[in-house]
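Close look at the chain arrangement
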Amino acid sequence: MIVFNKMVIIDADILRSAGGINAQNEVSLFSSQLLSLVLEKNIKVGCDQKLFLEWKQHKSRYSSKWLSSMISKRKLLRLPEDNDMSSSISDAENLTTEQKRIALKDSHLISNAINSDKIVISKDDRARTIFCLLKEEIGGSLIEIYWVSLMTKKDTLFESISNRYAHIDDACKL
């Protein structure tokens, strides 16, 4: 278990989906609630240049305001560019070509997590499953990563963010 008072990595799919706290769609509402909680609590968010550009490209009106607030409150921390996962993914024998494509697309999330407090928050369960397969083959830093799904672990996630002393279940590990 990990105490949730750390830096997290938030996938751009959440920023794209955030439609505001009055959103009617469940995905949009949960994404907005997550961003609001992160801003409200003592949670820092890390990103490298690639993830930051992805956020800017896919942001909603709501997440644009959130991002500006995170920057002004100095809760957004820039991480170094480091994607040493690419060769491991490309060389993986237990992944299909399509799985490698998906893993390469999101490998920067893993690199950011390795360079911070090892927590990724995303809606992409498909990528999580592929990184679990990759972990079985290469191990290393992947065994320390928590990939928390906004849609399947929402209650655990929100409770952990709301209460600094709550824990993220080890079931969220890759």
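Residues numbered from 1 in each chain as written. Predicted model: local features only at pLDDT ≥ 70, side-chain atom pairs only at ≥ 80, totals over all residues. Heavy atoms only, no water.

1. Things to note about the overall build of the chain
- In terms of helices and strands, the chain carries eight helices and seven strands.
- Relative to the compact-globule value of 16 Å for 174 residues, the chain shows a C-alpha radius of gyration of 15 Å, a close match.
- Projected onto its principal axes, the C-alpha coordinates of the chain cover approximately 45 × 35 × 30 Å.
- Counting across all 174 residues of the chain, residues that qualify as buried make up 49%.
- Within the chain, contacts between residues separated by at least 24 positions form 78% of all contacts whose residues are at least 6 apart in sequence.
- As displayed, the chain has an accessible area near 8,300 Å², and 48% of this comes from carbon and sulfur atoms.
- The distance from the centre of the 25 positive side-chain charges to the centre of the 23 negative ones in the chain is 9 Å. (Helix = DSSP H or I, 4+ residues; strand = E, 2+ residues; numbered from the N terminus. Rg over C-alpha atoms; globule rule 2.2 N^0.38 Å. Buried < 20%, exposed > 50% of the residue type's maximum accessible area, 1.4 Å probe, protein only. Contact = heavy atoms within 4.5 Å. Areas by Shrake-Rupley, 256 points an atom, 1.4 Å probe, with all protein chains shown as cover. Lys, Arg positive; Asp, Glu negative; His and termini not counted. Charge placed at Lys NZ, Arg CZ, Asp CG, Glu CD.)

2. Here we look at the packing of aromatic side chains
- Applying the stated rule across the entire model yields three aromatic pairs.
- Geometrically, the ring pair formed by phenylalanine 131 and tryptophan 147 is tilted, given 5.6 Å between the ring centres and 35° between the ring planes. Of this pair, phenylalanine 131 sits in helix H7 (residues 125-138) while tryptophan 147 sits in strand S6 (residues 146-149); the two residues are 16 residues apart in sequence, bridging distant segments of the chain. Accessibility assignment for this pair places phenylalanine 131 and tryptophan 147 in one class, buried.
- Of the aromatic side chains, those joined through ring pairs into one cluster are Phe52, Trp55 and Trp66.
- Over the ring of phenylalanine 52 we find arginine 78, and its NZ or CZ is 4.2 Å from the ring centre. (Phe/Tyr/Trp six-rings, centres within 6.5 Å; stacked < 30°, edge-to-face > 60°. Lys NZ or Arg CZ within 6 Å of the ring centre and 35° of its normal.)

3. Overview of the pairing of strand S3 (residues 44-47)
- Where strand S2 (residues 7-10) meets S3, two bridges bridge the pair, whose relative direction is parallel. When the sheet's bridge partners are listed, methionine 7 is paired in S3 with lysine 44. (Pairing = 2+ DSSP bridges.)

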